[in-house]
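Fold and contact review
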Amino acid sequence: MKTSFYQYPLSDLQELFKANELPPSGPGLLFNWHYKKRQFAACTVDLAKKSIEFVATHLNFDLPQVDVVQESQDKTVKFLMRLQDGLKVETVLIPFNGKYTICLSSQVGCAMKCSFCHTGLQGLNRNLTTDEIIGQFLMSQKWLTEHRPEDDRILNIVFMGQGEPLHNFDAVKKACEIFLSQHGLSIADQKITISTAGYLPGLERWKVEMPKVNIALSLHSPVKEKRDQLIPINKRYPLEDVLSYVQAIPEGKNRFVTYEYLLIENFNDSMEDAHLTGQLLTGKKAYISLIPFNPFPGSHYQRPDLKKVEQFKSILDSYKIPTIIRATKGDEILAACGQLNSKFSYSPKESE
Ligand code: SAH
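Residues numbered from 1 in each chain as written. Predicted model: local features only at pLDDT ≥ 70, side-chain atom pairs only at ≥ 80, totals over all residues. Heavy atoms only, no water.

1. Some points on the overall build of the chain
Secondary structure summary: the chain contains 11 helices and 14 strands in total. Relative to the globule expectation of 20 Å for 352 residues, the C-alpha radius of gyration of the chain, 21 Å, shows essentially globular dimensions. Dimensions of the chain, computed from the C-alpha atoms along their principal axes, are close to 70 × 50 × 40 Å. Out of the 352 residues in the chain, the part that is buried amounts to 53%. Partitioning the intrachain contacts of the chain with sequence separation of at least 6 by distance along the chain shows that 66% fall at a separation of at least 24. Surface summary for the chain: the accessible area is close to 15900 Å², and the carbon and sulfur share equals 52%. Averaging the positions of the 41 positive and the 40 negative side-chain charges in the chain gives two centres separated by 3 Å. (Helix = DSSP H or I, 4+ residues; strand = E, 2+ residues; numbered from the N terminus. Rg over C-alpha atoms; globule rule 2.2 N^0.38 Å. Buried < 20%, exposed > 50% of the residue type's maximum accessible area, 1.4 Å probe, protein only. Contact = heavy atoms within 4.5 Å. Areas by Shrake-Rupley, 256 points an atom, 1.4 Å probe, with all protein chains shown as cover. Lys, Arg positive; Asp, Glu negative; His and termini not counted. Charge placed at Lys NZ, Arg CZ, Asp CG, Glu CD.)

This is the structure in structure tokens:
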């Protein structure tokens, strides 16, 4: 059976070539062809004949197919991608100054069951493979080049789509290696952010194995009872333990941790909540990203009004923690945080 080319970081491909006694120049040439020159068909130039034959018999270049594209007024683009087995995930391109951040999914569905999240309702179907993660990037990049050639650069990657990325550690790690590689997609160090609900086994590995990748923690409340209600894994992996990993900045790295704080009306949006959050994070290398709750069909939480959100921010400002209110981009196409759910957000006609 053929395996996907897109699952191999350069070092793995080099091993594969070595094990098959193929010329060592092949993997670099292939990376250049597919990632730098953005070619989708198998490479036939410069490669040794033996290598061309090996690639033809052992590797495939299958990618997810774009099923539906939705564009919002603010230029956010949401893709529904169909995987080889027919399952679907979503990928979002978020514009900033004529460039893009790509928001990738790491799983089909999610096992974390956070009470405020549309994806959580879906349950976990399966992990994505490395090539499916890389595929989301390549297909989005291709669409941009075809439709918006004047501004087709993707400079940042956030794992904030469907799934808990640290719950699918190996595949996400390999994908990051390909993203970061100078021979691969050349995303700069610290321009990839993994957002986590606080999945401790993954954080332990992240700390050791992924020094170039940033973390965002979905905090949502410093109060145990409230966080338990929002994020069920808080009962198993207490916030103190999670914070001790998240805040361990490797020596020599000027790294900040992003704390996401979902604001839900009359639940975690009081002045007291803001003060407790300020006290928890003051003096730390922290950014706070306030996310007013994004409703989705069937959700029962409410979004606080903007005045309340601004008041919350001003309290955090008084603790000297850089805080932004995350602009709600793409919410009319259900592309905003927590709205992704490839089962429910499409009418049958669109997904056919
Ligand atoms: N599983 C990861 C990444 C996915 S969600 C995590 O938990 O961090 C990316 C961000 O969107 C998280 O901070 C998540 O808590 C937030 N989010 C989920 N549902 C939301 C909703 N309905 N409104 C606003 N933000 C939401």
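More follows now that the structure is in view.
2. Comments concerning the domain arrangement of the chain
Quite often, the size of an interface is put as the accessible area lost when its parts meet. Under the domain assignment used here, the chain contains domain 1 (3-60) and domain 2 (65-350). A separation of 32 Å is found between the C-alpha centroids of domain 1 and domain 2. Summing both sides of the interface, domain 1 and domain 2 together bury roughly 1200 Å²; the carbon and sulfur share of this comes to 64%. Where domain 1 packs against domain 2, one counts two salt bridges. Note that Asp-12 and Lys-174 form a salt bridge whose closest N and O atoms lie 2.6 Å from each other. In this structure, the connection of domain 1 to domain 2 is made through five residue pairs in polar contact (both at pLDDT 80 or more). Broken down by secondary-structure element, the contributors of at least two residues to the side of domain 1 that touches domain 2 are α1 (10-19) and α2 (26-36). The element best represented in the side of domain 1 that touches domain 2 is α2, accounting for four residues. Taken together, the residues of the side of domain 1 that touches domain 2 break down into seven nonpolar, three polar and three charged. (Domains from an automatic or database assignment. Buried area = accessible area lost by both parts, 1.4 Å probe. Salt bridge = Lys/Arg side-chain N within 4 Å of Asp/Glu carboxyl O. Polar contact = N/O pair within 3.5 Å; in protein donor to acceptor, adjacent residues only side chain to side chain. Nonpolar A, V, L, I, M, F, W, Y, C, P; charged D, E, K, R; others polar.)

3. Topic: the sheet that holds strand β10 (residues 192-196)
Taken in spatial order, the 10 strands line up as β3-β4-β5-β6-β9-β10-β11-β12-β13-β14 in an open sheet, and their pairing is mixed. Each edge of the sheet is formed by a strand with only one pairing partner; in this case those strands are β3 (65-71) and β14 (323-325). Strand-to-strand, the axes of this sheet are offset by a mean angle of 25 degrees, without reference to chain direction. Across four bridges, strand β6 (residues 99-103) lies against strand β9 (residues 154-159) in parallel orientation. For Ile-102, the partnering residue across the bridge sits in β9 and is Ile-157. (Pairing = 2+ DSSP bridges. Axes fitted to C-alpha atoms, helices over the stretch in contact; angles between N-to-C directions.)

4. Things to note about the packing of aromatic side chains
Enumeration over the complete set of coordinates arrives at 16 aromatic pairs. Put simply, the rings of Phe-5, Tyr-6, Phe-31, Tyr-35 and Phe-61 pair up and form one aromatic cluster. The ring of Phe-40 carries the charged tip of Lys-142 above its face, separated from the ring centre by 5.7 Å. (Phe/Tyr/Trp six-rings, centres within 6.5 Å; stacked < 30°, edge-to-face > 60°. Lys NZ or Arg CZ within 6 Å of the ring centre and 35° of its normal.)

5. Describing the state of the cysteines
Per the stated rule, a full pass over the model turns up zero disulfides. The thiol sulfur of Cys-110 is not disulfide-bonded, and the nearest other cysteine sulfur, from Cys-114, lies at 6.5 Å. For Cys-110, a relative accessible area of 8% translates into the label buried. (Disulfide = S-S within 2.5 Å.)

6. Observations concerning the side chain of Gln-122
Position of Gln-122 among the secondary structure elements: in the loop between β7 (107-109) and β8 (124-127). Among the residues examined, Gln-122 registers a relative accessible area of 13% and is labelled buried. Looking at Gln-122, its side chain comes within polar contact range of the side chain of Gln-162, at 3.3 Å.

7. Some thoughts on the packing of α1 against α2
With their axes 9 Å apart at the nearest point, α1 and α2 run at an angle of 135 degrees to one another. With respect to α2, the element α1 is oriented oblique. With respect to the hand of their crossing, α1 and α2 are arranged in right-handed fashion. Counting all contacts with α1, which are made through Leu-10, Leu-13, Gln-14 and Phe-17, the residues of α2 involved are Gly-26, Pro-27, Gly-28, Leu-30 and Phe-31. Looking at side-chain class alone, the contact of α1 with α2 contains six nonpolar, three polar and no charged residues. (Parallel < 35°, antiparallel > 145°, perpendicular 65-115°, else oblique. Left-handed = near helix turned anticlockwise from the far one by under 90°.)

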